[in-house]
Amino acid sequence: MRGAERFRIGDYDCWTLPDGELTYPGSAVLPPESHPPAELTAPYTALLVDTGSTRVLIDTGAGALGPNTGKLAESLASTGFLPEDVHVVILSHAHPDHIAGVRLFPNSAVVMMRKEFEFWMSAETQARLEACEVYGLGPLEAVMAASVRDHLAPARDRLRLLDRPTEIAAGILVFPAPGHTPGHAAVLVSSGRQQLLYVGDALVHPAQFEHPDWVCAFDLSSVETVRTRKQLLERAVADRCLFAGFHLPGALGAVEARQASFRWEPAVAAEMNACVHLREERNHVTGCRRTGTKTHPSISLS
Ligand SMILES: [Zn+2]
């Protein structure tokens, strides 16, 4: 597993916080027309953003869901921060791989869309999950129901439920990005002239950049998932955002438009590219620089 990696968005220090990985049937992640392999291993990576006054964790990992998950605490420790240093936890959505780590942060406010909370907590959804009627995923649906009861319900007293796009800390905007789940949220982090767009599970595999119409077994609404995904990708291209997803390898990268689809670039290349973009725009960029052995170089403007 990769360790936590530090990067910068403007004045904000940020870290990728790997939680581990889980192996899925390939057909659960990619559609038949992609000829998926029998199995696919998906990485799980949360993000930590330190604005200087507020430390925000975005998604919390899967806890004991799989044999190689639940490493968020270890990743956080490697940054030098303690759980009590995290002021706010944002949950992109209420699937088990995103909410099981909430219990590690008993003092943090927990932010999510109200629509997401109410969908998963409703007696109707709980009953339909127990009857395996929501996804057609069999016993995994009961795991989803139990995860909500075990991890979300106990955090009820410290939840901050959002009804609309909301800046929950300086430069950190949480906004609806529905489809994967009804109240799925994305997060835009803005500082200085740089932006990070975290899309949660709006994309779950790198092949979905080139094939944004490919949905997975966990996308509750295929139509809405694809519509939201394309909107997020177009926004990332237009605004030259660093692009992050919970299940993308290394979590970070850049996205470019390519005819009717998109292209994904891994993080280091993406940041080099961001430097080129900035140089073209302002013509007095100091360029990329590497700090120590960190994978992600800082980008600084003079
Ligand atoms: Zn997920």
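Look above for the structure.
Now for a description of the structure that goes with this document. (Residues numbered from 1 in each chain as written. Predicted model: local features only at pLDDT ≥ 70, side-chain atom pairs only at ≥ 80, totals over all residues.)

### Focus: the overall build of the chain
Stage number 1. The helix and strand tally for the chain stands at nine helices and 16 strands.
Stage number 2. Within the chain, the fraction of its 302 residues that count as buried is 46%. (Helix = DSSP H or I, 4+ residues; strand = E, 2+ residues; numbered from the N terminus. Buried ≥ 20, exposed ≤ 12 C-beta atoms within 10 Å, placed from the backbone.)

### Re helix α6 (residues 140–152)
Stage number 1. Taking 1.5 Å per residue, 13 residues should reach 18 Å; α6 reaches 17 Å between its end C-alpha atoms and fits that length.
Stage number 2. Buried within α6 we find M144, A145, S147, V148, H151 and L152. The buried residues of α6 occupy one face: seen down the axis, they fall within an arc of 160°.
Stage number 3. Summarising the contacts, the buried residues of α6 are in contact with α3 (96–99), α4 (114–121) and α5 (123–130). (Expected span 1.5 Å × (residues − 1). Arc of directions from axis to C-beta. Contact = placed C-beta atoms within 7 Å.)

### Comments concerning the sheet that holds strand β1 (residues 5–9)
In any sheet, the strands associate via hydrogen bonds between backbone groups, in a parallel or an antiparallel arrangement.
Stage number 1. Reading across from one edge, β1-β2-β3-β4-β5-β6-β7 is the order of the seven strands in this open sheet, with mixed pairing throughout. Since the sheet does not close on itself, it has two edges, and those belong to β1 and β7 (159–162), each with one partner. For this sheet, the mean angle separating the axes of adjacent strands, direction not counted, is 25°.
Stage number 2. Inspection of the sheet shows strand β6 (residues 109–113) paired to β7 by four bridges, in the parallel sense. Looking at β7, one finds that M113 is bridged to L162.
Stage number 3. The strands touched by α4 within the sheet are β6 and β7, with β6 carrying the most contacts at an inclination of about 85°. (Pairing = 2+ DSSP bridges. Axes fitted to C-alpha atoms, helices over the stretch in contact; angles between N-to-C directions.)

### Here we look at the packing of α5 against α6
Stage number 1. In the contact formed by α5 and α6, the axes pass within 7 Å of each other and the chain directions differ by 145°. On α6, the residues touching Q126, L129 and E130 of α5 are E141, A142, M144 and A145.
Stage number 2. Class assignment of the residues belonging to the contact of α5 with α6 gives a composition of four nonpolar, one polar and two charged. (Nonpolar A, V, L, I, M, F, W, Y, C, P; charged D, E, K, R; others polar.)

### Digging into the sheet that holds strand β13 (residues 252–258)
Stage number 1. Strand order in this open sheet of seven strands is β8-β9-β10-β11-β12-β13-β14, and the pairing throughout is mixed. A single partner strand is all that each edge strand has here, and the edge strands are β8 (166–169) and β14 (261–266). Taken over all neighbouring pairs, the strand axes of this sheet differ in orientation by 30° on average, direction set aside.
Stage number 2. Examined bridge by bridge, strand β9 (residues 172–176) and strand β10 (residues 185–191) share five bridges and lie antiparallel to one another. By the bridge assignment, P176 is partnered in β10 with A185.

### With respect to the pairing of β13
Stage number 1. Relative to β13, strand β12 (residues 242–244) runs antiparallel, the two being bridged by two bridges. Within β13, the position partnered with A244 by the bridge is L252.
Stage number 2. One ladder, built from six bridges, connects β13 with β14; its direction is antiparallel. Bridge pairing links A254 to E265 in β14.
Stage number 3. As consecutive antiparallel partners, β13 and β14 are separated by two residues, and within that stretch Q259 has a phi angle of approximately 50°, a positive value.

### What about the nonpolar core?
Stage number 1. Among the nonpolar cores identified, the biggest contains 81 residues, and L47, V89, V187, L197 and A244 are the most heavily contacted of them.
Stage number 2. Looking at which element gives the most residues to this core, the answer is strand β3 (residues 39–50), with six residues.
Stage number 3. Discounting residues that sit within four places of it in the chain, L47 has contacts with C14, T16, L17, I58, Y198, A244 and A251. (Core = buried A, V, L, I, M, F, W, Y, C linked by C-beta atoms within 7 Å.)

### Describing the pairing of β9
Stage number 1. For β8 and β9, the ladder comprises three bridges, and the chain directions are antiparallel. The residue of β9 that forms the bridge with T166 is V174.

### Some thoughts on the environment of Y44
Stage number 1. Tracing the backbone through its elements, the reader meets Y44 in strand β3.
Stage number 2. Spatially, the C-alpha atom of Y44 lies 8.1 Å from that of A62, the residues being 18 residues apart in sequence.
Stage number 3. Residues in contact with Y44, not counting those within four places in the same chain, are D19, G20, E21, L22, G61, A62, T69, D97, F246 and H247.

### Notes on the environment of T79
Stage number 1. Position of T79 among the secondary structure elements: in the loop between α2 (72–78) and β5 (88–90).
Stage number 2. Looking at T79, the number of C-beta atoms within 10 Å reads 19, which means it is partly exposed.
Stage number 3. Taking the C-alpha atoms as reference, T79 lies 7.0 Å from A4; in sequence the two are 75 residues apart.
Stage number 4. Setting aside residues up to four positions removed in sequence, T79 forms contacts with A4, W15 and L48.

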